[in-house]
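Here is how the chains run, residue by residue.
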Amino acid sequence: MNQIEARDLTLGYGTKEVIRGVDLTIEKGEFISIIGPSGVGKSTLLMSLNATTDILGGSLRVLGEEVGHLGPASLKRLRTKVGVIFQCCNLVPRLPVLDNIASGMLQRKSVLSSLFRYYSKAEHEEIYDYMKVVGMESEALSRCDRLSGGQKQRVAIARAIAQTPEIILADEPISSLDPVSARRVMETLRNANREYGMTVVSNLHQLSYARDYCNRIIGINDGQIIFDDAPEKLTDAIVRDIYGVEDPEADMSQDCSPVLLPQPEVEVMATA
Ligand SMILES: Nc1ncnc2c1ncn2[C@@H]1O[C@H](COP(=O)(O)OP(=O)(O)OP(=O)(O)O)[C@@H](O)[C@H]1O
Ligand SMILES: [Mg+2]
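If you're wondering where the values come from, they're calculated on a predicted model, not measured in any experiment.

Parameters at a glance
- Residues numbered from 1 in each chain as written.
- Chains lettered and ligands numbered in written order.
- Predicted model: local features only at pLDDT ≥ 70, side-chain atom pairs only at ≥ 80, totals over all residues.
- Heavy atoms only, no water.
- 1 Å grid on protein atoms, 1.4 Å probe; cavity = no way out; pocket = protein on both sides within 12 Å on 5 of 7 lines; lining within 4 Å.
- Points joined across faces, edges and corners; volume = space filled by probe spheres on them.
- Helix = DSSP H or I, 4+ residues; strand = E, 2+ residues; numbered from the N terminus.
- Nonpolar A, V, L, I, M, F, W, Y, C, P; charged D, E, K, R; others polar.
- Buried < 20%, exposed > 50% of the residue type's maximum accessible area, 1.4 Å probe, protein only.
- Polar contact = N/O pair within 3.5 Å; in protein donor to acceptor, adjacent residues only side chain to side chain.
- Contact = heavy atoms within 4.5 Å.
- Pairing = 2+ DSSP bridges.
- Right-handed = clockwise from strand over helix to strand, strands pointing away.

K.L.:
Before we move on, could you go through the layout of surface pockets and cite the residues and values that matter?
P.N.:
Of the voids in this model, the largest pocket is the one considered here, and its volume is about 310 Å³. Along the walls of the largest pocket sit 15 residues, with G83, V84, F86, R159 and Q163 positioned nearest its centre. Breaking the lining of the largest pocket down by element, the ones donating at least two residues are β6 (82–85) and α6 (149–162). Of the residues in the lining of the largest pocket, the class split is 6 nonpolar, 7 polar and 2 charged.

As structure tokens, this is what we get:
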């Protein structure tokens, strides 16, 4: 079943077109990464699937709804079915892991019980299951501002799963993480995909993770989808076309090296 169907879709801001006239179909249960150089429109495309980017032309259907024509109530309903994970997690820092994950269930709980952070035994068990999926059950009562970046990201994924969405969108979920934490986060997304059958679409800068974890890669450049296929079809020549460089990951690590700035000239005051 197609969950996402874009036809001749143009996205952008005001009159500025960022993604131009693309066709895209995503089926239930896929695990997709969107790759491409910085500023090329990955986040713009990803967030259009949650109806937060302006559609400048064409059509976009998400879970059977024409995104450009939704009123506030239908928009809200659609967004409950599309969970979003941001790079900087957006957790409530002073609340424990358990409550942060529970907040994903808010739309399924009564206002009163969520206000007083009261959870039934069944809800506790459900939250515990989500914690186990992301490997955070031993930190249930730890405040989120005391967790590492990778742990926070895993809590954010558990919160998105707790929302029981049909689609999870993750915008650069591992960009600030060390390789071990990054792998755990990608494995967690894979669990959401495999155990709960949720479709996962993630923007990734790290090509090797896209190759290892996803079953489909979409490469963007110059407002167009220039690659859309299985990871094993992504040849070095295509990577060069997408990024304009031989080895984007080596290039990115060079970007992180310290830049030597010219020393300011010291002004010598003339003394009388
Ligand atoms: N809110 C906005 N208003 C106007 N222009 C925007 C806005 N957000 C993004 N843009 C522009 O749209 C283009 C695509 O941005 P986008 O964030 O989608 O790129 P990206 O591929 O996700 O980049 P990165 O890899 O750096 O995250 C850029 O030129 C950016 O400046
Ligand atoms: Mg982005």
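K.L.:
Quick one: what's the story with the side chain of T53, residue by residue and with numbers?
P.N.:
Relative to the assigned elements, T53 resides in the loop between α1 (42–48) and β4 (54–62). When its relative accessible area of 8% is taken as the criterion, T53 is described as buried. Within the local environment of T53, its side chain forms a polar contact with the backbone oxygen of T44, the two atoms lying 2.9 Å apart. Every residue in contact with T53, bar those within four places of it in the chain, is listed here: L11, G12, Y13, T44, M47 and S48.

K.L.:
Describe in detail the pairing of strand β8 (residues 199–203), supporting the description with residues and values.
P.N.:
The element β8 is largely enclosed, with a buried count of 5 among its 5 residues. Here β8 shows two buried faces, one formed by T199, V201 and N203 and the other by V200 and S202. As defined by bridge partners, strand β3 (residues 31–35) adjoins β8 across 4 bridges and the pair is classed as parallel. Within β8, the residue paired with F31 across the bridge is V200. Note that strand β7 (residues 167–171) and β8 share 5 bridges and pair parallel. Within β8, the position partnered with D171 by the bridge is N203. On the question of chirality, the crossover connecting β7 to the parallel β8 by way of helix α7 (residues 179–195) is right-handed.

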